[in-house]
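# Overview (structure and organization)
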Amino acid sequence: MATPDFIRTLRSAVGHHPLWLPGVTAIVFDDEGRVLLGRRSDTRAWSVIGGIPEPGEQPAACAVREVFEETAVHCVAERIVLVQALAPMTYPNGDVCQFMDITVRCRAVGGEARVNDDESLEVGWFAVDALPKLDEFGVLRIKQAMSEAPTWFDPMATG
């Protein structure tokens, strides 16, 4: 996954210290109810589509941009389905990040699904009852996007 220029600039000042960053996940459905997935070039695993908003970019606009950049599919954002602070992660180079993920349900409106950048090895549409192996991150987001329930969030810890 390519590191945005603004994060490279931040890293030049803060080194490997933790960065708190927004992240956006797009769960895209087509008219047949299939979900769009990409097989990542870094992990070789199937995954939902997502990325980091540019400074000042709205979450819905980021979702639409990331979907097109990675898959050549045009989509429209419909609603936020999930908001979750993720656990901190350390990258192989020592950089530490923690993401606030905003998951957006999207509807495909055009384009043909294909690899459109170097972040994916494959992209494709999958019936929700015939998904490839996905991590819990993707499974939870797909389930929430299929639901008409209110936006999901981690319950607040009480102490």
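Small disclaimer: the values here were computed from a predicted structure and weren't measured.

The phi angle at Arg 44 is positive, at roughly 65°, despite the residue not being glycine. Of note, Arg 44 is situated in the loop between strand 2 (35-40) and strand 3 (46-47). Take Arg 44: its relative accessible area is 53%, and that puts it in the exposed class. Positive phi, normally seen in glycine, also occurs at Ala 72, with a value near 65°.

Scanning the entire structure with this criterion turns up 1 aromatic pair. Judged by centre distance (5.0 Å) and plane angle (75°), the ring pair of Trp 46 and Phe 126 falls under edge-to-face. With Trp 46 in strand 3 and Phe 126 in strand 8 (residues 120-126), the pair connects residues that are 80 residues apart, well separated along the chain. Residue classification places Trp 46 among the buried residues on the basis of a relative accessible area of 16%. Given the relative accessible area of 18%, Phe 126 is considered buried. The positively charged end of Arg 141 is found above the aromatic ring belonging to Phe 137, 3.6 Å away from the centroid.

Core analysis: the biggest nonpolar cluster contains 14 residues, and Ala 26, Val 28, Ala 63, Val 67, Val 104 and Cys 106 have the highest contact counts within it. Listing elements by their share of this core, those giving two or more residues are strand 1 (19-29), helix 2 (59-71) and strand 7 (96-110). Per element, the largest residue contribution to this core is 4 residues, and it comes from strand 7. Once residues lying within four places of it in the same chain are set aside, the contact partners of Ala 63 are Val 24, Ala 26, Val 104 and Cys 106.

Attention shifts here to helix 2. In this model, helix 2 (13 residues) spans 18 Å end to end at C-alpha, consistent with the 18 Å of a helix rising 1.5 Å per residue. Those residues of helix 2 that fall on the buried side of the exposure criterion are Cys 62, Ala 63, Arg 65, Glu 66, Val 67, Glu 70 and Thr 71. Along its buried surface, helix 2 packs onto strand 1, strand 2, strand 4 (49-51), strand 5 (74-85), strand 7 and strand 8. Once helix 2 ends, the next one or two residues include Ala 72, with phi positive near 65°.

As defined by bridge partners, strand 5 adjoins strand 7 across 10 bridges and the pair is classed as antiparallel. Looking across to strand 7, one finds that Leu 82 is bridged to Thr 103. Strand direction decides the pairing type here: strand 5 and strand 9 (residues 152-153), joined by 2 bridges, are parallel. Each bridged residue has a counterpart across the sheet, and for Leu 82 the counterpart in strand 9 is Trp 152.

Cut-offs used in this document
Per chain, the residues get numbers from 1 upward, laid out in the order the sequence is written. Note on the predicted model: pLDDT of at least 70 is required for a residue's local features to be given, and 80 or more for side-chain atom pairs to be given and counted; whole-chain, interface and lining totals, by contrast, use all residues. The side-chain numbers reported here are obtained from all heavy atoms of the structure, hydrogens and water having been left aside. The numbering of helices and of strands both runs from the N terminus, where a helix is a DSSP run of H or I of at least 4 residues and a strand a run of E of at least 2. A simple rule labels every residue: compare its accessible area, found with a 1.4 Å probe on the protein chains alone, to the largest value its type can have, and call it buried under 20%, exposed over 50%, or partly exposed in between. Each pair of aromatic rings taken from Phe, Tyr and Trp, with Trp reduced to its six-membered ring, is defined by centres within 6.5 Å and is described as stacked if the planes are under 30 degrees apart, edge-to-face if over 60, and tilted in the remaining cases. Whether a charge lies above a ring is judged from NZ of Lys or CZ of Arg, which has to be within 6 Å of the ring centre and within 35 degrees of the ring normal. Residues grouped as a nonpolar core are buried Ala, Val, Leu, Ile, Met, Phe, Trp, Tyr and Cys residues, joined through side-chain atoms within 4.5 Å. We call two residues in contact whenever any of their non-hydrogen atoms come within 4.5 Å of each other. In a helix, the anticipated span is given by 1.5 Å times the number of residues less one. Pairs of strands are assigned from DSSP output, requiring at least two bridges between the strands.

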